[in-house]
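Residues per chain, in single letters:
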Amino acid sequence: MTRRLVPRSAEPDDPAIREAAACLQAGGLVVFPTETVYGLGADATNARAIAAVYDAKGRPADNPLIVHVRDLDDAAQVADVSSPSARRFAERFWPGPLSLVLPATALGSVASRGRPTVAVRAPSHPIARALLVAAGLPLAAPSANRSGRPSPTTAEHALAELDGRVALVLDGGSCRFGIESSVLDLTVDPPRLLRPGGVSLAVLRQVDPHVSPGGDAARSPGTRYAHYQPIVPLIALGPAVSAEVAERLVLVLDGPDAWMGTRAMGTATLVERVTADAVAHHLYADLRDLEQDHATLIVRLPDVEHAVAERARRAASWTFDSDDEVTAWIRARTPRSSALEP
Ligand code: AMP
Ligand code: MG
(Lines give C-alpha, C1' and ligand atoms only; values in the text may rest on other atoms or scores of the structure.)
(Ligands and ions follow the chains in the order given, each with its own letter.)
Protein backbone atom coordinates (compact mmCIF):
# COMPACT_ATOMS: atom_id res chain seq x y z
CA MET A 1 0.00 0.00 0.00
CA THR A 2 2.84 2.33 0.81
CA ARG A 3 5.13 3.03 -2.12
CA ARG A 4 8.89 3.37 -1.75
CA LEU A 5 10.47 5.86 -4.13
CA VAL A 6 14.20 6.26 -4.64
CA PRO A 7 15.08 9.78 -5.79
CA ARG A 8 17.68 9.75 -8.54
CA SER A 9 18.94 13.16 -7.53
CA ALA A 10 18.42 15.36 -4.49
CA GLU A 11 16.84 18.07 -6.63
CA PRO A 12 13.40 19.63 -6.21
CA ASP A 13 12.49 18.60 -9.77
CA ASP A 14 13.45 14.95 -9.34
CA PRO A 15 10.32 12.95 -10.22
CA ALA A 16 10.22 11.11 -6.87
CA ILE A 17 10.64 14.30 -4.91
CA ARG A 18 8.01 16.09 -7.00
CA GLU A 19 5.55 13.30 -6.41
CA ALA A 20 6.25 13.38 -2.67
CA ALA A 21 5.82 17.16 -2.61
CA ALA A 22 2.47 16.92 -4.41
CA CYS A 23 1.32 14.32 -1.93
CA LEU A 24 2.26 16.57 1.00
CA GLN A 25 0.51 19.56 -0.60
CA ALA A 26 -2.63 17.45 -0.85
CA GLY A 27 -2.49 16.69 2.89
CA GLY A 28 -0.84 13.26 2.54
CA LEU A 29 1.88 11.70 4.67
CA VAL A 30 5.38 11.14 3.32
CA VAL A 31 8.32 9.52 5.08
CA PHE A 32 11.61 11.17 4.18
CA PRO A 33 15.25 10.82 5.25
CA THR A 34 17.01 13.37 7.39
CA GLU A 35 20.55 13.36 8.75
CA THR A 36 19.23 12.27 12.17
CA VAL A 37 16.52 9.62 11.54
CA TYR A 38 13.67 9.17 9.04
CA GLY A 39 10.82 11.65 9.53
CA LEU A 40 7.07 11.16 9.06
CA GLY A 41 6.25 14.37 7.18
CA ALA A 42 3.05 16.34 6.82
CA ASP A 43 2.07 19.88 5.86
CA ALA A 44 2.65 21.75 9.13
CA THR A 45 -0.05 24.29 8.25
CA ASN A 46 -2.78 21.67 7.73
CA ALA A 47 -4.52 20.61 10.95
CA ARG A 48 -5.99 17.48 9.35
CA ALA A 49 -2.60 16.36 8.07
CA ILE A 50 -1.18 16.92 11.56
CA ALA A 51 -3.97 14.84 13.07
CA ALA A 52 -3.15 12.08 10.56
CA VAL A 53 0.47 12.03 11.78
CA TYR A 54 -0.69 11.39 15.35
CA ASP A 55 -2.98 8.63 14.06
CA ALA A 56 -0.34 6.94 11.93
CA LYS A 57 2.16 6.88 14.79
CA GLY A 58 -0.24 6.28 17.64
CA ARG A 59 1.50 9.25 19.23
CA PRO A 60 0.20 10.61 22.53
CA ALA A 61 -1.73 13.81 21.78
CA ASP A 62 0.31 15.85 24.25
CA ASN A 63 3.68 15.12 22.61
CA PRO A 64 4.25 17.92 20.07
CA LEU A 65 5.96 17.62 16.67
CA ILE A 66 9.07 19.26 15.27
CA VAL A 67 8.51 21.50 12.24
CA HIS A 68 11.14 21.23 9.50
CA VAL A 69 12.03 24.31 7.48
CA ARG A 70 14.69 25.33 4.99
CA ASP A 71 16.19 28.18 6.97
CA LEU A 72 15.57 30.94 9.45
CA ASP A 73 13.46 32.95 6.98
CA ASP A 74 11.13 30.01 6.52
CA ALA A 75 11.08 29.38 10.24
CA ALA A 76 9.57 32.86 10.69
CA GLN A 77 6.29 31.54 9.25
CA VAL A 78 5.80 29.25 12.21
CA ALA A 79 7.94 30.74 14.98
CA ASP A 80 9.11 34.06 16.35
CA VAL A 81 12.76 33.97 15.33
CA SER A 82 13.52 37.58 16.20
CA SER A 83 15.47 36.97 19.41
CA PRO A 84 19.26 37.29 19.20
CA SER A 85 19.65 33.79 20.65
CA ALA A 86 17.40 32.23 17.98
CA ARG A 87 19.55 33.88 15.33
CA ARG A 88 22.82 32.89 16.94
CA PHE A 89 21.90 29.21 17.34
CA ALA A 90 20.34 28.94 13.90
CA GLU A 91 23.28 30.64 12.22
CA ARG A 92 25.72 28.32 13.93
CA PHE A 93 23.90 24.98 13.68
CA TRP A 94 21.44 25.13 10.78
CA PRO A 95 21.09 23.24 8.68
CA GLY A 96 21.77 20.47 11.18
CA PRO A 97 20.54 18.32 14.06
CA LEU A 98 19.36 21.07 16.41
CA SER A 99 15.66 21.81 17.08
CA LEU A 100 14.84 25.17 18.66
CA VAL A 101 11.75 25.66 20.80
CA LEU A 102 10.48 29.18 20.11
CA PRO A 103 7.27 31.17 20.56
CA ALA A 104 4.76 29.93 17.95
CA THR A 105 3.14 32.22 15.40
CA ALA A 106 -0.57 31.71 14.64
CA LEU A 107 0.44 29.40 11.78
CA GLY A 108 2.95 27.60 13.99
CA SER A 109 0.31 26.80 16.56
CA VAL A 110 -1.42 24.56 13.99
CA ALA A 111 1.52 22.14 14.19
CA SER A 112 1.91 22.59 17.92
CA ARG A 113 -1.85 22.15 18.37
CA GLY A 114 -2.49 25.33 20.26
CA ARG A 115 0.66 25.38 22.36
CA PRO A 116 2.29 28.77 22.72
CA THR A 117 5.61 27.31 21.57
CA VAL A 118 6.80 25.31 18.57
CA ALA A 119 9.98 23.32 17.88
CA VAL A 120 11.67 24.04 14.53
CA ARG A 121 14.75 22.84 12.75
CA ALA A 122 16.38 23.03 9.33
CA PRO A 123 17.59 19.54 8.31
CA SER A 124 20.81 19.21 6.31
CA HIS A 125 19.97 16.01 4.42
CA PRO A 126 19.91 16.92 0.71
CA ILE A 127 16.69 14.95 0.04
CA ALA A 128 14.93 16.62 2.98
CA ARG A 129 16.04 20.01 1.71
CA ALA A 130 14.94 19.30 -1.84
CA LEU A 131 11.58 18.13 -0.55
CA LEU A 132 11.12 21.32 1.51
CA VAL A 133 11.85 23.39 -1.61
CA ALA A 134 9.56 21.32 -3.84
CA ALA A 135 6.68 21.33 -1.37
CA GLY A 136 7.11 24.99 -0.47
CA LEU A 137 5.71 24.16 2.96
CA PRO A 138 6.99 23.82 6.50
CA LEU A 139 6.84 20.10 7.26
CA ALA A 140 5.88 18.72 10.63
CA ALA A 141 7.90 15.53 10.99
CA PRO A 142 8.33 13.36 14.04
CA SER A 143 10.43 10.22 13.75
CA ALA A 144 8.81 7.73 11.35
CA ASN A 145 8.13 4.98 13.89
CA ARG A 146 5.06 3.81 15.74
CA SER A 147 5.00 5.51 19.11
CA GLY A 148 7.33 3.86 21.61
CA ARG A 149 9.43 2.09 18.96
CA PRO A 150 13.00 2.90 17.95
CA SER A 151 13.38 5.61 15.34
CA PRO A 152 13.98 4.23 11.83
CA THR A 153 17.36 4.92 10.30
CA THR A 154 16.68 3.26 6.93
CA ALA A 155 13.73 3.29 4.52
CA GLU A 156 13.21 -0.43 5.21
CA HIS A 157 12.88 0.24 8.92
CA ALA A 158 10.41 3.06 8.28
CA LEU A 159 8.36 0.72 6.08
CA ALA A 160 8.43 -1.94 8.76
CA GLU A 161 6.85 0.62 11.08
CA LEU A 162 4.39 2.43 8.86
CA ASP A 163 3.58 0.29 5.83
CA GLY A 164 -0.03 0.99 4.85
CA ARG A 165 -0.22 4.04 7.11
CA VAL A 166 1.58 6.51 4.86
CA ALA A 167 1.37 7.15 1.13
CA LEU A 168 5.08 7.24 0.26
CA VAL A 169 8.53 6.55 1.63
CA LEU A 170 11.42 8.43 0.05
CA ASP A 171 14.47 6.19 0.27
CA GLY A 172 17.70 8.04 0.94
CA GLY A 173 19.76 5.19 2.38
CA SER A 174 20.87 5.10 5.98
CA CYS A 175 20.90 8.21 8.17
CA ARG A 176 24.24 9.72 9.06
CA PHE A 177 23.71 10.40 12.78
CA GLY A 178 21.25 7.64 13.63
CA ILE A 179 19.78 9.37 16.68
CA GLU A 180 17.38 12.29 16.92
CA SER A 181 18.09 16.03 17.02
CA SER A 182 18.97 17.95 20.16
CA VAL A 183 15.99 19.99 21.38
CA LEU A 184 16.93 23.37 22.85
CA ASP A 185 14.29 25.51 24.55
CA LEU A 186 14.95 29.19 23.85
CA THR A 187 11.73 30.39 25.50
CA VAL A 188 13.36 30.15 28.92
CA ASP A 189 16.35 31.99 30.31
CA PRO A 190 18.91 30.45 30.37
CA PRO A 191 18.20 28.20 27.36
CA ARG A 192 17.53 24.63 28.30
CA LEU A 193 18.57 21.41 26.55
CA LEU A 194 15.33 19.41 26.67
CA ARG A 195 16.72 16.44 24.76
CA PRO A 196 20.36 15.67 24.00
CA GLY A 197 20.96 14.72 20.37
CA GLY A 198 23.07 15.45 17.33
CA VAL A 199 24.61 18.60 18.87
CA SER A 200 26.23 18.13 22.28
CA LEU A 201 25.77 20.34 25.34
CA ALA A 202 29.44 21.28 25.21
CA VAL A 203 29.13 22.51 21.65
CA LEU A 204 25.89 24.41 22.40
CA ARG A 205 27.73 26.11 25.24
CA GLN A 206 30.22 27.50 22.76
CA VAL A 207 27.37 29.71 21.60
CA ASP A 208 25.88 30.36 25.04
CA PRO A 209 27.82 29.15 28.09
CA HIS A 210 24.65 29.33 30.20
CA VAL A 211 22.72 26.58 28.37
CA SER A 212 21.35 24.34 31.12
CA PRO A 213 21.30 20.55 30.82
CA GLY A 214 18.44 18.20 31.34
CA GLY A 215 14.84 18.49 30.37
CA ASP A 216 11.87 18.27 32.55
CA ALA A 217 8.91 16.25 31.52
CA ALA A 218 6.48 19.14 31.82
CA ARG A 219 8.35 21.21 29.25
CA SER A 220 9.41 18.46 26.87
CA PRO A 221 6.60 15.95 26.88
CA GLY A 222 8.57 13.52 24.74
CA THR A 223 11.03 12.88 27.52
CA ARG A 224 8.21 11.47 29.67
CA TYR A 225 7.81 8.40 27.55
CA ALA A 226 10.06 5.40 28.00
CA HIS A 227 11.09 5.00 24.39
CA TYR A 228 12.08 1.75 22.79
CA GLN A 229 11.08 -0.43 25.71
CA PRO A 230 10.70 -3.34 25.70
CA ILE A 231 11.90 -4.19 22.21
CA VAL A 232 14.78 -6.44 23.14
CA PRO A 233 16.39 -6.84 26.52
CA LEU A 234 19.12 -4.20 26.41
CA ILE A 235 22.01 -4.07 28.83
CA ALA A 236 23.99 -0.82 28.85
CA LEU A 237 27.54 -1.00 30.18
CA GLY A 238 29.13 2.23 31.39
CA PRO A 239 32.71 2.93 30.32
CA ALA A 240 34.04 1.81 33.74
CA VAL A 241 32.97 -1.81 33.19
CA SER A 242 36.05 -3.81 32.20
CA ALA A 243 36.30 -5.74 28.95
CA GLU A 244 36.83 -8.90 30.96
CA VAL A 245 33.59 -8.57 32.89
CA ALA A 246 31.73 -7.60 29.72
CA GLU A 247 32.95 -10.80 28.09
CA ARG A 248 31.93 -12.85 31.10
CA LEU A 249 28.49 -11.32 30.99
CA VAL A 250 28.13 -12.52 27.41
CA LEU A 251 29.35 -15.97 28.38
CA VAL A 252 26.87 -16.24 31.20
CA LEU A 253 23.97 -15.08 29.05
CA ASP A 254 24.96 -16.98 25.98
CA GLY A 255 27.32 -19.79 26.89
CA PRO A 256 26.88 -23.38 27.93
CA ASP A 257 25.87 -22.17 31.37
CA ALA A 258 23.04 -20.07 29.94
CA TRP A 259 20.74 -19.71 32.85
CA MET A 260 18.34 -16.87 32.29
CA GLY A 261 14.79 -17.62 33.22
CA THR A 262 13.26 -15.80 30.31
CA ARG A 263 13.40 -17.23 26.85
CA ALA A 264 13.97 -13.79 25.40
CA MET A 265 17.39 -13.73 26.98
CA GLY A 266 18.55 -16.83 25.14
CA THR A 267 21.44 -15.34 23.25
CA ALA A 268 23.46 -12.21 23.78
CA THR A 269 25.36 -9.91 21.45
CA LEU A 270 27.96 -7.56 22.83
CA VAL A 271 28.26 -4.52 20.64
CA GLU A 272 31.50 -2.63 21.00
CA ARG A 273 31.93 -0.02 18.33
CA VAL A 274 35.00 2.11 18.02
CA THR A 275 33.54 5.58 18.29
CA ALA A 276 30.53 7.12 19.99
CA ASP A 277 29.26 8.23 16.57
CA ALA A 278 29.42 4.63 15.38
CA VAL A 279 27.43 3.46 18.42
CA ALA A 280 24.83 6.11 17.61
CA HIS A 281 24.73 5.30 13.91
CA HIS A 282 23.98 1.63 14.60
CA LEU A 283 22.01 1.58 17.87
CA TYR A 284 18.46 1.55 16.53
CA ALA A 285 19.33 -0.86 13.71
CA ASP A 286 21.02 -3.19 16.22
CA LEU A 287 17.87 -3.15 18.37
CA ARG A 288 15.76 -4.07 15.36
CA ASP A 289 18.09 -6.85 14.21
CA LEU A 290 18.16 -8.46 17.62
CA GLU A 291 14.43 -8.11 17.96
CA GLN A 292 14.18 -10.50 15.01
CA ASP A 293 16.57 -12.89 16.75
CA HIS A 294 14.92 -12.63 20.19
CA ALA A 295 18.34 -11.85 21.54
CA THR A 296 19.78 -9.60 24.21
CA LEU A 297 21.78 -6.57 23.16
CA ILE A 298 24.68 -5.51 25.35
CA VAL A 299 25.98 -2.08 24.42
CA ARG A 300 29.12 -0.53 25.73
CA LEU A 301 28.52 3.18 26.27
CA PRO A 302 31.09 5.67 25.00
CA ASP A 303 33.37 7.38 27.50
CA VAL A 304 32.79 10.79 25.92
CA GLU A 305 29.74 13.01 26.26
CA HIS A 306 27.34 11.78 23.58
CA ALA A 307 23.57 11.67 23.27
CA VAL A 308 23.69 7.97 22.41
CA ALA A 309 24.52 7.26 26.06
CA GLU A 310 21.27 8.93 27.10
CA ARG A 311 19.27 7.00 24.48
CA ALA A 312 20.80 3.68 25.45
CA ARG A 313 20.34 4.27 29.19
CA ARG A 314 16.71 5.18 28.61
CA ALA A 315 16.07 2.12 26.48
CA ALA A 316 18.03 -0.26 28.71
CA SER A 317 16.42 -2.81 30.97
CA TRP A 318 19.64 -2.76 33.01
CA THR A 319 22.50 -0.28 33.18
CA PHE A 320 25.75 -1.12 34.95
CA ASP A 321 28.47 1.36 35.78
CA SER A 322 30.99 -0.90 37.48
CA ASP A 323 32.26 -4.48 37.44
CA ASP A 324 30.76 -4.97 40.89
CA GLU A 325 27.29 -4.04 39.66
CA VAL A 326 27.54 -6.57 36.84
CA THR A 327 28.74 -9.40 39.03
CA ALA A 328 26.17 -8.66 41.74
CA TRP A 329 23.40 -8.73 39.15
CA ILE A 330 24.58 -12.05 37.80
CA ARG A 331 24.94 -13.58 41.27
CA ALA A 332 21.45 -12.49 42.22
CA ARG A 333 20.00 -14.27 39.23
CA THR A 334 22.20 -17.31 38.82
CA PRO A 335 21.53 -20.52 40.65
CA ARG A 336 25.22 -21.35 40.27
CA SER A 337 27.44 -18.37 39.69
CA SER A 338 30.22 -20.62 38.44
CA ALA A 339 30.84 -18.63 35.29
CA LEU A 340 32.05 -15.72 37.36
CA GLU A 341 33.95 -17.48 40.09
CA PRO A 342 37.70 -17.57 39.72
P1 AMP B 1 10.43 13.33 17.63
O2 AMP B 1 10.13 14.26 16.54
O3 AMP B 1 9.57 12.12 17.68
O4 AMP B 1 11.88 13.00 17.66
O5 AMP B 1 10.12 14.11 19.00
C6 AMP B 1 10.16 15.51 19.10
C7 AMP B 1 10.68 15.94 20.44
O8 AMP B 1 10.64 17.36 20.53
C9 AMP B 1 9.84 15.41 21.59
O10 AMP B 1 10.69 15.07 22.67
C11 AMP B 1 8.95 16.59 21.91
O12 AMP B 1 8.45 16.54 23.21
C13 AMP B 1 9.89 17.76 21.67
N14 AMP B 1 9.13 18.98 21.35
C15 AMP B 1 8.48 19.25 20.19
N16 AMP B 1 7.84 20.44 20.27
C17 AMP B 1 8.08 20.94 21.50
C18 AMP B 1 7.68 22.13 22.19
N19 AMP B 1 6.89 23.05 21.61
N20 AMP B 1 8.12 22.29 23.46
C21 AMP B 1 8.91 21.36 24.04
N22 AMP B 1 9.30 20.22 23.45
C23 AMP B 1 8.91 20.01 22.20
MG1 MG C 1 10.42 10.11 18.03
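Every chain's residues receive numbers from 1 upward, in the order its sequence appears when written. Think of it this way: whatever chain is written first is A, whatever ligand is written first is 1, and the rest follow in order. Local features in this predicted model are restricted to residues whose pLDDT is 70 or higher, and side-chain atom pairs enter the listing and the counts only when it is 80 or higher, whereas totals over whole chains, interfaces and linings include all residues. Only heavy atoms go into the side-chain values, all of them from the structure, while hydrogens and water stay out.

Chemist: Pulling in residues and values, what's your account of the side chain of R300?
Modeler: Numbering goes from the N terminus for both helices and strands, where a helix is a DSSP run of H or I of at least four residues and a strand is a run of E of at least two. Along the chain, R300 falls in strand β13 (residues 295-300). By the criterion applied in these results, polar contacts are pairs of N or O atoms within 3.5 Å in which, for protein atoms, one can donate a hydrogen and the other can accept it, and in which residues neighboring in sequence qualify only through two side-chain atoms. Here the side chain of R300 touches S242 through a polar contact of 3.5 Å, landing on its backbone oxygen. A polar contact is formed between the side chain of R300 and the side chain of E272, at a distance of 2.6 Å.

Chemist: So, the packing of aromatic side chains: which residues are in play, and what are the values?
Modeler: Pairing of aromatic side chains here covers Phe, Tyr and the six-membered ring of Trp, requires ring centres within 6.5 Å, and sorts the geometry by plane angle: under 30 degrees stacked, over 60 edge-to-face, intermediate tilted. One pass over the structure, following the stated rule, counts three aromatic pairs. Ring centres of F89 and F93 lie 6.3 Å apart, and the angle between their planes is 20°; this geometry places the pair in the stacked category. Note that F89 and F93 are positioned in helix α4 (residues 84-93) at a spacing of four residues, about one turn of the helix. Each member of the pair, F89 as well as F93, is classed as buried. Only Lys NZ and Arg CZ are tested; either one counts as a charge over a ring when it is within 6 Å of the ring centre and within 35 degrees of the ring normal. Across the ring face of Y54, the terminal group of R113 is positioned such that the distance to the ring centre comes to 4.0 Å. Working definition: with a 1.4 Å probe on protein chains only, accessible area under 20% of the residue-type maximum means buried, over 50% means exposed, and in between means partly exposed.

Chemist: Residues and numbers for unusual backbone geometry, please.
Modeler: In this structure, the amide linkage connecting W94 to the following residue, P95, adopts the cis form with an omega of -10°. Note that P95 resides in the loop between α4 and β5 (98-103). The omega angle of the peptide bond from D189 to P190 is 0°, so this bond is cis rather than trans. Within the fold, P190 resides in the loop between β9 (182-185) and β10 (192-195). Even without being a glycine, R113 presents a positive backbone phi close to 50°. Secondary-structure assignment places R113 in the loop between α5 (108-111) and β6 (117-121). A residue is classified by how much of its surface remains accessible, and R113, at 40% relative accessible area, is partly exposed.

Chemist: Pulling in residues and values, what's your account of the nonpolar core?
Modeler: Judged by nonpolar contacts, the single largest core of 48 residues is most densely connected at V31, L40, F89, W94, L98, L100 and L204. Secondary-structure elements contributing two or more residues to this core are β3 (39-43), α2 (47-57), α3 (72-78), α4, β5, β6, α7 (155-162) and α8 (201-207). Counting residues per element, this core draws most heavily on α2, which supplies five residues. Residue contacts for L98: discarding those within four places in its chain leaves F89, F93, V120, R121, S181, S182, L184, V199 and L204. Counting 21 residues, the second-largest nonpolar core is a separate cluster that includes V37, A236, Y284 and L301. Nonpolar cores were defined as sets of buried Ala, Val, Leu, Ile, Met, Phe, Trp, Tyr and Cys residues, with membership established by side-chain atoms within 4.5 Å. We call two residues in contact when some of their heavy atoms are within 4.5 Å.

Chemist: Account for the sheet that holds strand β7 (residues 139-140), naming residues and giving values.
Modeler: Strands were regarded as paired on the criterion that DSSP finds at least two bridges between them. Read from one edge of the open sheet, ten strands run β1-β8-β2-β3-β7-β4-β6-β5-β9-β10, paired in mixed fashion. Each end of this open sheet is capped by a strand with a single partner; those strands are β1 (3-5) and β10.

Chemist: So what about the environment of R18? Which residues, and what values?
Modeler: Among the secondary structure elements, R18 is positioned in helix α1 (residues 15-25). When the C-alpha atoms of R18 and A135 are compared, they prove to be 7.8 Å apart, with 117 residues separating the residues in sequence. Not counting the four nearest positions on each side in its chain, R18 is found in contact with P12 and D13.

Chemist: Can you break down helix α12 (residues 323-333) residue by residue, with the values?
Modeler: Because each turn of an α-helix spans 3.6 residues, side chains separated by three or four positions in sequence point in the same direction. Here α12 has its buried residues at V326, T327, W329 and I330. Buried positions in α12, seen along its axis, are confined to an arc of 155° and lie on one side of it. Set apart from the buried face of α12 by more than 90 degrees, the exposed residues are D324 and A332. Next to the buried residues of α12 lie β11 (234-237), α9 (243-254) and β14 (318-320). Directions drawn from the helix axis to the C-beta atoms are what define this arc.

Chemist: I'd like a description of the confidence of the model for the protein chain, backed by residues and values.
Modeler: Residues of the protein chain with pLDDT of at least 70 account for 89%, and the chain-wide mean is 90. The quantity called pLDDT is the predictor's confidence in a given residue, expressed from 0 to 100. In this model residues 260-264 is a low-confidence stretch, pLDDT under 50, and it forms six contacts with partners more than four residues away in sequence or in other chains.

Chemist: For the pattern of salt bridges, give the residues involved together with the corresponding values.
Modeler: What makes a salt bridge here is a side-chain nitrogen of Lys or Arg within 4 Å of a carboxyl oxygen of Asp or Glu, nothing more. The tally for this structure, following the rule as stated, stands at 15 salt bridges. E161 is the salt-bridge partner of R149, the closest N and O atoms lying 2.9 Å from each other. Pair noted here: R149 is in the loop between β7 and α7 and E161 is in helix α7, with a separation of twelve residues, a long-range link. A salt bridge links D321 to R313; its shortest N-O distance comes to 2.9 Å. Put simply, R149, E161, R288 and E291 are held in one network by salt bridges that share partners.

Chemist: Kindly report on the sheet that holds β14, identifying the contributing residues and their values.
Modeler: Note on sheets: strands pair through backbone hydrogen bonds, and any given pair is parallel or antiparallel. Spatially, β12-β13-β11-β14 is the arrangement adopted by the four strands of the open sheet, whose pairing is parallel. Edge positions in the open sheet fall to β12 (267-271) and β14, since each of these has one partner strand only. For this sheet, the mean inter-axis angle between neighbouring strands, taken without regard to orientation, is 20°. Alignment of β11 against β14, held across three bridges, turns out to be parallel. For L237, the partnering residue across the bridge sits in β14 and is F320. Note on definitions: angles span 0 to 180 degrees between N-to-C directions of axes, and those axes are lines fitted to C-alpha atoms, for helices only across the stretch in contact. Taken strand by strand, α12 contacts β11 and β14, and its axis lies near 135° from that of β14.

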